[in-house]
Amino acid sequence: MNREVTLPLIVDDRGSLQVAAVDVSKLLRTAGARWLHLVEGGERELDEDTVAALTIELAKLADRIDVACIAHSSGAP
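In this numbering scheme, every chain counts its residues from 1 along its sequence in written order. Only residues with pLDDT of at least 70 get local features here, since the model is predicted, and only at 80 or more are side-chain atom pairs given and counted; chain-wide, interface and lining totals rely on the full set of residues. Processing note: side-chain calculations cover all non-hydrogen atoms of the structure and skip hydrogens and water entirely.

Points about the overall build of the chain
Put simply, DSSP H or I for four residues or longer makes a helix, DSSP E for two residues or longer makes a strand, and each gets a number counted from the N terminus. Along the backbone of the chain there are 2 helices and 2 strands. In the chain, the succession of helices and strands from N to C terminus is β-β-α-α. Exposed residues in this analysis have more than 50% of their type's maximum accessible area, buried residues have under 20%, and partly exposed residues fall in between, with area computed by a 1.4 Å probe over protein chains only. By residue count, 10% of the 77 residues in the chain fall in the buried class. Here the contacts in the chain between residues at least 6 apart in sequence split such that 39% fall between residues at least 24 apart. Computed with a 1.4 Å probe, the accessible areas rest on the Shrake-Rupley method; for each residue, only the protein chains presented here act as cover. When the accessible surface of the chain is totalled, it reaches about 6,200 Å², and 57% of it is carbon and sulfur. Should any heavy atoms of two residues lie within 4.5 Å, those residues are considered in contact.

What follows is the structure in structure tokens.
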């Protein structure tokens, strides 16, 4: 199964590419959930333990992004 994922991309006045953090954390969680769904569906090319470990790490990264954004928006150092 091949799915295309798109993110809204914005370039600032210096030409730097910007992506909303909420979109990045959602993408990370969605990728993990899709992998788990494939494993649960019997996809033989995916190792269940590896997919579980990667999904956990993607969720942790998404959590760190969310926490950093909350801290930034609340004015925390």
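Overview of the confidence of the model for the chain
The predicted coordinates ought not to be read in detail in places where the model reports low pLDDT. Residue-level confidence of the predictor is summarised by pLDDT, bounded by 0 at the bottom and 100 at the top. Of the residues in the chain, 82% have a pLDDT of 70 or more, and the chain-wide mean is 84. When pLDDT is averaged over each element of the chain, helix H1 (residues 21-40) comes out on top at 92 and strand S1 (residues 10-11) at the bottom at 68.

Some details on a negative patch on the surface
Each patch is built from residues that are more than 30% exposed by relative accessible area and take part in no salt bridge. Like charges join if they lie within 9 Å; nonpolar side chains (Val, Leu, Ile, Met, Phe, Trp, Tyr) join within 5 Å. Each salt bridge in this description consists of a side-chain nitrogen of Lys or Arg and a carboxyl oxygen of Asp or Glu lying within 4 Å of one another. The convention is simple: Lys and Arg are positive, Asp and Glu are negative, and His and the chain ends are not counted. To locate a charge, the coordinates of NZ of Lys, CZ of Arg, CG of Asp or CD of Glu are taken. A cluster of acidic residues, Glu40, Asp47, Glu48 and Asp49, forms a negative patch at the surface. Structurally, Asp47 is set in the loop between H1 and helix H2 (48-74).

Looking at the pattern of salt bridges
Tallied over the entire structure, the rule returns 3 salt bridges. As a salt-bridge pair, Asp63 and Arg29 come within 2.4 Å of each other at their nearest N and O atoms. Within this pair, whereas Asp63 is found in helix H2, its partner Arg29 is found in helix H1, the two being separated by 34 residues in sequence. On the accessibility criterion, Arg29 (33% relative accessible area) is partly exposed.

Some words on the environment of Cys69
Here Cys69 shows up in helix H2. Take Cys69: its relative accessible area is 35%, and that puts it in the partly exposed class. For the pair Cys69 and Val22, spaced 47 residues apart in the sequence, the C-alpha separation amounts to 8.8 Å.

Some thoughts on H1
By definition here, a helix of n residues has an expected span of 1.5 Å times n minus one. The end-to-end C-alpha separation of H1 is 29 Å, in line with the 28 Å expected for 20 residues at 1.5 Å each. Every buried residue of H1 is listed here: Ser25, Leu28, Gly32 and Val39. Along the long axis of H1, the arc covered by the buried residues comes to 60°, so they all point the same way. Away from its buried face by more than 90 degrees, H1 exposes Val22, Lys26 and His37. Packing partners of the buried residues in H1 comprise H2. Phi turns positive one or two residues past the end of H1, at Gly42, with a value near 95°. The arc in question is the one traced by the directions running from the helix axis out to the C-beta atoms.

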